[in-house]
Amino acid sequence: MLRITLAQLNLTVGDIEGNVQRMIETARQAADAQSDIVVFSELALSGYYPGDMLEEAVFLDRIDAGMSLLRAASAELPQLHWVVGTPARSPGPGKRLHNALVVLHAGAVRLQYAKQLLPTYNIFDERRHFEPGPDVAKVLRIGSAQVGFLVCEDGWNDAVADYAHNPFMRMADAAPDLVISINASPSHIGKREQRHQVFGDAARRHGLPIVYVNQVGGHDQIVYDGASFAAEPEAGVVFEAQRFEEDVRTLQLVDGRFAETAGQPLPPVPQEGLPTLAFYRQQIVLGLRDYARRCGFTQVVVGSSGGIDSALTLALAAEALGPQNVVGITMPSRYSSSGSVDDSVTLCRNLGVPLHTHPIAELVAGYAQQFEASFGQPLAGLPLENLQARIRGTTLMEYSNAFGHLLLTTGNKSEISVGYCTLYGDTNGGLGLIGDLYKTEVFALARHVNENAGRELIPQAIIDKEPSAELAPGQKDVDSLPPYPVLDEILKLLIEGEGLSRAEYQAARTFTQRLHESEDGRALLQRVRLMVARSEYKRRQAPPILRVRAKAFGNGRQMPIAARYV
């Protein structure tokens, strides 16, 4: 029998000392549970992902010091094996480092395994810093069991679809009694189910029980959902840790089957995860909470326009940080409807969020007068519209600077895709909460927020209102853009393509194929494609966006600015 503690922790990139302390505390907890093995996540010592911090000598010295502390702590718990993810120096040619798994026991390193498959796609860039490990399986006897080890991507290629070789097959050849896989697997819609399928299939194919330990928490635009699990060859996934929170759980393995520590059977694991909208809400809430905490912010500020985007952003921020730590600012201009201002008041009252009013009409008039005086031409049309957005953005940044609040941007994926936003205006800020949600999803998530609360947090008037930037008389979004249900289907296929779920992909593909059948439809598709291409310079200057879908703007979609797209 083996007892294995799955240590699903919310560790911080670069906080070597803090991560060490959390790991030591958890190891002591595992020892109290009479565990044989405590398993931490991929690059747990440094946090995932350190990026070019890995090229700094001081950072690597801190890693070495942290590992020394862990080795000393392991000497104090000699009955326990520690499985630790860490950067480790590579002795051979190539990159100076390995993405390594180290097994510590009684103050010594009993095993070291270097990750073989280094993802360099979508948001990943591991080959930039690490040298692949040799094509060998690493197995260690712990008690009466042979235990094999893998690091994240090494377990994802069992179908040999993405790489030329398969570390899982090499591991199966070594015939271990248990495989432990340490991971930093980012979360997006459908990812949990994908993990269960890939590793459940591998467990069945090779007849191996698997323990999969994932990290949890938000790091910049990426959120890790935890959801660590255990899989058996016949039953598939039989245990799952909590999602979106830390969870330290000890399981026992007897004759290839997992159970609770007292031998009780494990409760069944639901095949389906969270509903899509609940997933979006929880991912965004954790992402904001950790981003603010790690960056030293306790409060946030949002420009409240009375529209759906700012309303949803305020509601999510209030859930993440508490309404007392969220501030709304309404900034009416001569084109703002009284309904929009009233809706902002109702929204913030429902949320318990303080709302300040900062009119901008006189500021806009002053800018316009001085522009004409200086350049001999009236300020009108798009420049005047953008001026209003930039005055609002400047006002919000003034508030952020004066009071120390993090400014949240409110743009959605539809608008950001086609550049329906103003640089240095509504793109100002430190983090975008809903920038990976299409506009149709924004409306759906707003309704979900109300349903989850059991009352109307976001006023129905805001949900029912036709979208408008209110920067010109009678302005509506459909004056500049296709209707959002049309635009969103085009954008999904154009931006995410086969990264969509099967159902979304088929729906978007069918929709766009119908457009291809008419001249007007083909013209619309080309128009949207060019709008996306010509807006890359705006996205390059935008703040980080919390990722909830498989392909998000930022490092998940890297496109040139100065390029020809036709």
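Only a predicted model underlies this, so the values are computations on that prediction, with no experimental measurement involved.

## Here's the deal with the pattern of salt bridges
Here is step 1: Considering all chains together, one arrives at 35 salt bridges under this definition.
Here is step 2: Between R62 and E17 there is a salt bridge; the shortest N-O distance is 3.2 Å. Here R62 is found in helix 2 (residues 57–75), whereas its partner E17 is found in helix 1 (residues 16–32), with 45 residues between them in sequence.
Here is step 3: Linking K115 and E126 is a salt bridge whose minimum nitrogen-to-oxygen distance equals 2.9 Å. You can see K115 sitting in the loop between strand 5 (108–114) and strand 6 (139–142) and its partner E126 sitting in the loop between strand 5 and strand 6, a full eleven residues away along the chain.
Here is step 4: Residue classification places K115 among the buried residues on the basis of a relative accessible area of 1%.

## Describing the UniProt feature "binding site: L-glutamine" (unreviewed entry) in the chain
Here is step 1: The UniProt feature table records "binding site: L-glutamine" (unreviewed entry) at Y121, S185 and K191.
Here is step 2: Here S185 shows up in the loop between strand 8 (178–183) and helix 4 (191–206).
Here is step 3: Residue S185 is classed as buried on the basis of its relative accessible area, which comes to 2%.
Here is step 4: Ignoring any residue separated from it by four or fewer positions in sequence, one finds S185 in contact with W156, K191, R195, Y212, N214, Y224 and D225.
Here is step 5: At 2.9 Å, the side chain of S185 and the side chain of R195 are in polar contact.
Here is step 6: Turning to its location among the elements, K191 is positioned in helix 4.
Here is step 7: Beyond its immediate chain neighbours, meaning those up to four positions away, K191 contacts W156, S185 and P186.

## What about the sheet that holds strand 13 (residues 236–240)?
Here is step 1: Strand order in the open sheet formed by six strands is 6-7-8-9-12-13, and the pairing between neighbours is mixed. Edge strands, defined here as strands with exactly one partner in the open sheet, are strand 6 and strand 13. When the angles between neighbouring strand axes are averaged without regard to direction, this sheet yields 25°.
Here is step 2: Direction of pairing for strand 12 (residues 229–232) relative to strand 13: antiparallel, over a ladder of four bridges. Among the inter-strand pairings, E232 is bridged to a residue of strand 13, identified as G236.

## Remarks on the packing of helix 8 (residues 361–375) against helix 9 (residues 382–403)
Here is step 1: Put simply, helix 8 and helix 9 touch, their axes get as near as 10 Å, and they point 130° apart. Taken together, helix 8 and helix 9 sit at an angle that is classed as oblique. Considering the relative orientation of helix 8 and helix 9, their crossing is right-handed. Between helix 8, through L363, V364, Y367 and A368, and helix 9, the contact on the second element is made entirely by L384, L387, Q388 and I391.

## Digging into unusual backbone geometry
Here is step 1: For the peptide bond that leads from Y48 to Y49, omega is 10°, which places it in the cis range.
Here is step 2: Note that Y49 resides in the loop between strand 2 (37–39) and helix 2.
Here is step 3: Of note in the backbone geometry, C152 takes a positive phi value of approximately 40° without being a glycine.
Here is step 4: The phi torsion at Y424 lies on the positive side, around 65°, for a residue other than glycine.

## Notes on the environment of V345
Here is step 1: Looking at where V345 falls in the secondary structure, it is placed in helix 7 (residues 338–351).
Here is step 2: Each C-alpha atom, one on V345 and one on F244, is 32 Å from the other, the two residues being 101 residues apart in sequence.

## Focus on helix 4
Here is step 1: Between its first and last C-alpha atoms helix 4 spans 23 Å; for 16 residues at 1.5 Å apiece the expected length is 22 Å, and the two agree.
Here is step 2: All of the buried residues in helix 4 are K191, R192, R195, H196, V198, F199, G200, A202, A203 and H206.
Here is step 3: Buried residues belonging to helix 4 abut helix 3 (167–173), strand 8, strand 9 (210–214), strand 11 (222–225), strand 12 and strand 13.

## Section: empty space enclosed by the protein
Here is step 1: Using the criterion set out here, one finds two cavities of 30 Å³ or more in the structure.
Here is step 2: Lining of the largest cavity is provided by 15 residues; of these, G411, I416, C421, T427 and A542 occupy positions nearest its centre.
Here is step 3: Among the secondary structure elements, those contributing two or more residues to the lining of the largest cavity are helix 10 (413–418) and helix 16 (536–540).
Here is step 4: When the residues that make up the lining of the largest cavity are grouped by side-chain class, the tally is six nonpolar, five polar and four charged.
Here is step 5: Considered as a void within the structure, the second largest cavity measures approximately 30 Å³ in volume.
Here is step 6: N122, I123, Q221, I222, R547, A552, F553, G554, N555 and G556 together form the lining of the second largest cavity.
Here is step 7: Residues that form the lining of the second largest cavity fall into these classes: four nonpolar, five polar and one charged.

## Some details on the side chain of Q215
Here is step 1: Along the polypeptide, Q215 turns up in the loop between strand 9 and strand 10 (216–219).
Here is step 2: Exposure remark for Q215: the relative accessible area of 3% places this residue in the buried category.
Here is step 3: Every residue in contact with Q215, bar those within four places of it in the chain, is listed here: L9, S41, E42, Y48, N183, A184, Y224, D225 and G226.

The rules we used
- Residues numbered from 1 in each chain as written.
- Predicted model: local features only at pLDDT ≥ 70, side-chain atom pairs only at ≥ 80, totals over all residues.
- Heavy atoms only, no water.
- Salt bridge = Lys/Arg side-chain N within 4 Å of Asp/Glu carboxyl O.
- Helix = DSSP H or I, 4+ residues; strand = E, 2+ residues; numbered from the N terminus.
- Buried < 20%, exposed > 50% of the residue type's maximum accessible area, 1.4 Å probe, protein only.
- UniProt positions renumbered as here; feature names shortened; annotations may be inferred.
- Contact = heavy atoms within 4.5 Å.
- Polar contact = N/O pair within 3.5 Å; in protein donor to acceptor, adjacent residues only side chain to side chain.
- Pairing = 2+ DSSP bridges.
- Axes fitted to C-alpha atoms, helices over the stretch in contact; angles between N-to-C directions.
- Parallel < 35°, antiparallel > 145°, perpendicular 65-115°, else oblique.
- Left-handed = near helix turned anticlockwise from the far one by under 90°.
- Expected span 1.5 Å × (residues − 1).
- 1 Å grid on protein atoms, 1.4 Å probe; cavity = no way out; pocket = protein on both sides within 12 Å on 5 of 7 lines; lining within 4 Å.
- Points joined across faces, edges and corners; volume = space filled by probe spheres on them.
- Nonpolar A, V, L, I, M, F, W, Y, C, P; charged D, E, K, R; others polar.

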